[in-house]
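The lines below spell out each chain.
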Amino acid sequence: MTNYINFKHINEKYNFIKLAFTNINVDMKNKDDRKSICKDLDLNYNNLTYNNQTHSDIVNVVNNDNIGEVKDGDALVTNLTKTPLLIFVADCVPVALIDTKNKAIALCHAGWRGTYSKITKNAIDKMIKLYNTNPEDIVCAIGPSIGSCCYEVSKDLIEKFNTIITNKEEKFYIIREDKYYLDLWKVNELILQECGIKKENITNLNICTSCNSDKFHSYRKHNQTPKRIGTILQIK
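Criteria and cut-off values
Residues numbered from 1 in each chain as written. Predicted model: local features only at pLDDT ≥ 70, side-chain atom pairs only at ≥ 80, totals over all residues. Heavy atoms only, no water. Helix = DSSP H or I, 4+ residues; strand = E, 2+ residues; numbered from the N terminus. Rg over C-alpha atoms; globule rule 2.2 N^0.38 Å. Buried < 20%, exposed > 50% of the residue type's maximum accessible area, 1.4 Å probe, protein only. Contact = heavy atoms within 4.5 Å. Lys, Arg positive; Asp, Glu negative; His and termini not counted. Charge placed at Lys NZ, Arg CZ, Asp CG, Glu CD. Expected span 1.5 Å × (residues − 1). Arc of directions from axis to C-beta. Pairing = 2+ DSSP bridges. 1 Å grid on protein atoms, 1.4 Å probe; cavity = no way out; pocket = protein on both sides within 12 Å on 5 of 7 lines; lining within 4 Å. Points joined across faces, edges and corners; volume = space filled by probe spheres on them. Nonpolar A, V, L, I, M, F, W, Y, C, P; charged D, E, K, R; others polar. Phe/Tyr/Trp six-rings, centres within 6.5 Å; stacked < 30°, edge-to-face > 60°.

Draft legend 1. Layout of the overall build of the chain. When helices and strands are counted, the chain shows six helices and 14 strands. Its C-alpha atoms give the chain a radius of gyration of 17 Å, near enough to 18 Å, the size a compact globule of 236 residues would have. The principal-axis extents of the C-alpha atoms in the chain amount to approximately 50 × 40 × 30 Å. The proportion of buried residues among the 236 residues of the chain is 54%. Here the contacts in the chain between residues at least 6 apart in sequence split such that 65% fall between residues at least 24 apart. Averaging the locations of the 32 positively and 28 negatively charged side chains of the chain gives two centres separated by 3 Å.

Shown next, in the form of structure tokens:
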């Protein structure tokens, strides 16, 4: 097994970007592992930029003046070339956004709090404002994260999400043996579509980190592990 999943479908179709997800073989919180992955993927490590993630709805813009700065936040947007963006997850949902026309990108760390506060919408709004992005031109990728098969939550949390997901025929949770399981993938997909992104432009790897804890770091399965999967995206 290599150290990463190269998102072949998107990388080949939109050859101005490079998108990959790391696996359990590396810990992207570790500087040496970050260097190694950037070298393997031919990414510009010197410009690598990531957040101090706080489960917020904050989107940070990466420009020539702040490359490499670590700020509080849970999403990053840029239109700079050779400036890889990185987010860390270990069950939370990584969402990559690629403006295929104006060549701008974003990465979002969407745990339940970020998803509830619609961090992907915030990132899209920022792309529209800064880069004149049309949501219809955005291609999205949802990486390895906990699925509804494993993400047991309280009934109260389901009811909380019911306040933002209304008039939808598609279920965003399941009930099994009187237990509630939240589908963060579905919620994020619905939010993306509400923003004007075409359903066919959303690709979900459908890889549950909990089910596949032999291949990916899982906060729940690995006893609140501090190790993290990296989602990394760069405009070439």
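Draft legend 2. Molecular detail of unusual backbone geometry. Backbone geometry places Asp-91, a non-glycine residue, at a positive phi of 130°. Relative to the helices and strands, Asp-91 is located in the loop between β6 (85-89) and β7 (93-99). Here Asp-178, not a glycine, exhibits a phi torsion of approximately 65°, which is positive. Residue position: Asp-178 is located in the loop between β11 (173-176) and β12 (179-182). Residue Asp-178 is classed as exposed on the basis of its relative accessible area of 72%.

Draft legend 3. Geometry of helix α4 (residues 119-131). Helix length check: α4 (13 residues) gives 18 Å between terminal C-alpha atoms against 18 Å at 1.5 Å per residue, within 8%. Buried residues of α4: Ile-119, Thr-120, Ala-123, Ile-124, Met-127 and Tyr-131, and no others. Projected onto a plane normal to the axis of α4, the buried residues spread over an arc of 140° and lie on a single side.

Draft legend 4. Representation of the pairing of β6 in the model. Within β6, five of the five residues are buried, which leaves it mostly tucked inside the rest of the structure. Side chains Leu-85, Ile-87 and Val-89 of β6 all project onto a buried face; the interleaved residues Leu-86 and Phe-88 project onto the opposite face, where all are buried too. In this sheet, β6 lies alongside strand β3 (residues 49-50) in parallel orientation, the contact comprising two bridges. Note on β6: the bridge partner recorded for Thr-49 is Leu-85. As defined by bridge partners, β6 adjoins strand β14 (residues 229-235) across five bridges and the pair is classed as antiparallel. Counterpart to Ile-87 in the pairing with β14 is Thr-231.

Draft legend 5. Just the layout of surface pockets, in detail. There is about 410 Å³ of room inside the largest pocket. If you trace the largest pocket, you find 19 residues lining it, with His-55, Cys-92, His-109, Tyr-219 and Arg-228 closest to the centre. Of all the secondary structure elements, the ones that give two or more residues to the lining of the largest pocket are β6 and α3 (112-116). Counted by class, the lining of the largest pocket contains nine nonpolar, five polar and five charged residues.

Draft legend 6. Expanded view of the packing of aromatic side chains. What the rule picks out here adds up to five aromatic pairs. With centroids separated by 5.3 Å and ring planes inclined at 75°, the aromatic side chains of Tyr-50 and Phe-88 adopt a geometry described as edge-to-face. Taken together, the positions of Tyr-50 in strand β3 and Phe-88 in strand β6 put the pair 38 residues apart, joining distant regions of the chain. Phe-88 shares its class with Tyr-50; the two are buried. Between the aromatic rings of Tyr-173 and Tyr-180, the centroid separation amounts to 6.4 Å while the plane-to-plane angle is 40°, which identifies the pairing as tilted. For Tyr-173, a relative accessible area of 16% gives the class buried. Chaining the aromatic ring pairs together yields one cluster made of Phe-172, Tyr-173 and Tyr-180.

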